[in-house]
Amino acid sequence: GNKIGYQVVEHRTVYTAYDAAATMRVPLEKITKWLLVKFDKDFGIAIVTANQNIDLKKLAKVAKSKKADLPKENVMKTKFNITPGAMSAFGSLYGIPVYMDKKLAGQKEAIFSAGSFTESLNVKIKDFIGLEKPVIGVFGAPKKVKPPVSLKKIKKQPKKKGGKKK
């Protein structure tokens, strides 16, 4: 059976791992971020901790592929019949391999998006590995975290008085 233990974590609607971490008050490295990646001929899902970016060159090496690219969003719809944002990190559901960064593979558990903007799954990494048998390699690159744009704008820009109307 494909049973793995997990807890469903309900939260307000979030669209990014950064928001999810803030909402659930957990560090970014406890949250997974994954992307659908197109290799030479195949697709795969690459997963890193949310405080990392995916280094596509390194990922291509891990996947023993010439190159790794991010497909256009409509690929999810056309090829996998899924709306962007609703796809999950469980590649086995779509018949495609999963690549997991070593940093994430070394953790006890992590929070995965459940293909919903209001629920996430807290999964034991060893269970995920047992289920998905991901290819584990090093392809995460440290991410420079910028504060959300909205906060910057509020602080820095004084209101302009009177300006030209277009």
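For the structure itself, consult the block above.
Just so you know, these numbers come straight off a predicted model, no measurement behind them.

The rules behind each value
Residues numbered from 1 in each chain as written. Predicted model: local features only at pLDDT ≥ 70, side-chain atom pairs only at ≥ 80, totals over all residues. Heavy atoms only, no water. Pairing = 2+ DSSP bridges. Helix = DSSP H or I, 4+ residues; strand = E, 2+ residues; numbered from the N terminus. Axes fitted to C-alpha atoms, helices over the stretch in contact; angles between N-to-C directions. Contact = heavy atoms within 4.5 Å. Buried < 20%, exposed > 50% of the residue type's maximum accessible area, 1.4 Å probe, protein only. Salt bridge = Lys/Arg side-chain N within 4 Å of Asp/Glu carboxyl O.

(A) Spatial organisation of the sheet that holds strand 5 (residues 98-101). Pairing is mixed in the open sheet, where four strands are placed in the order 2-3-5-8. Among the strands making up the open sheet, the edge pair consists of strand 2 (32-38) and strand 8 (135-137). The average undirected angle you get between the axes of adjacent strands in this sheet is 25 degrees. By the bridge criterion, three bridges tie strand 5 to strand 8 in an arrangement that is parallel. By the bridge assignment, D101 is partnered in strand 8 with G137.

(B) Layout of the environment of K58. By the secondary structure assignment, K58 is in helix 2 (residues 56-62). Sequence separation of K58 and A141 is 83 residues, and the distance between their C-alpha atoms is 9.3 Å. Not counting chain neighbours up to four residues away, the residues in contact with K58 comprise V138 and F139.

(C) Representation of the sheet that holds strand 7 (residues 119-124). Pairing within the open sheet is antiparallel, and its three strands lie in the order 1-7-6. The open sheet terminates on both sides in strands that have one partner only, identified here as strand 1 (6-10) and strand 6 (109-113). Between one strand and the next, the sheet's axes are offset by a mean angle of 30 degrees, whatever the strand orientation.

(D) Geometry of unusual backbone geometry. You will see that K64, though not glycine, has its phi angle at about 50 degrees, which is positive. K64 sits in the exposed class, given a relative accessible area of 76%. Of note in this structure, K133 is not a glycine but carries a positive phi near 45 degrees. Note that K133 resides in the loop between helix 5 (125-132) and strand 8. Owing to a relative accessible area of 62%, K133 belongs among the exposed residues under this scheme.

(E) Region of the structure containing the side chain of T23. Assignment of secondary structure puts T23 in helix 1 (residues 17-24). We classify T23 as buried; its relative accessible area is 19%.

(F) Quick peek at the pattern of salt bridges. Under the definition given, this model contains two salt bridges. In this structure, D69 engages K67 in a salt bridge whose closest nitrogen and oxygen atoms are separated by 4.0 Å. On the basis of relative accessible area, K67 is assigned to the partly exposed category, the value being 47%. For E109, the salt bridge identified is with K124, shortest N-O distance 3.9 Å. Here the residue E109 occupies a position in strand 6, and K124 occupies one in strand 7, the gap between them amounting to 15 residues. The class of K124 is partly exposed, set by a relative accessible area of 38%.

Geometric values such as these leave the question of function open.
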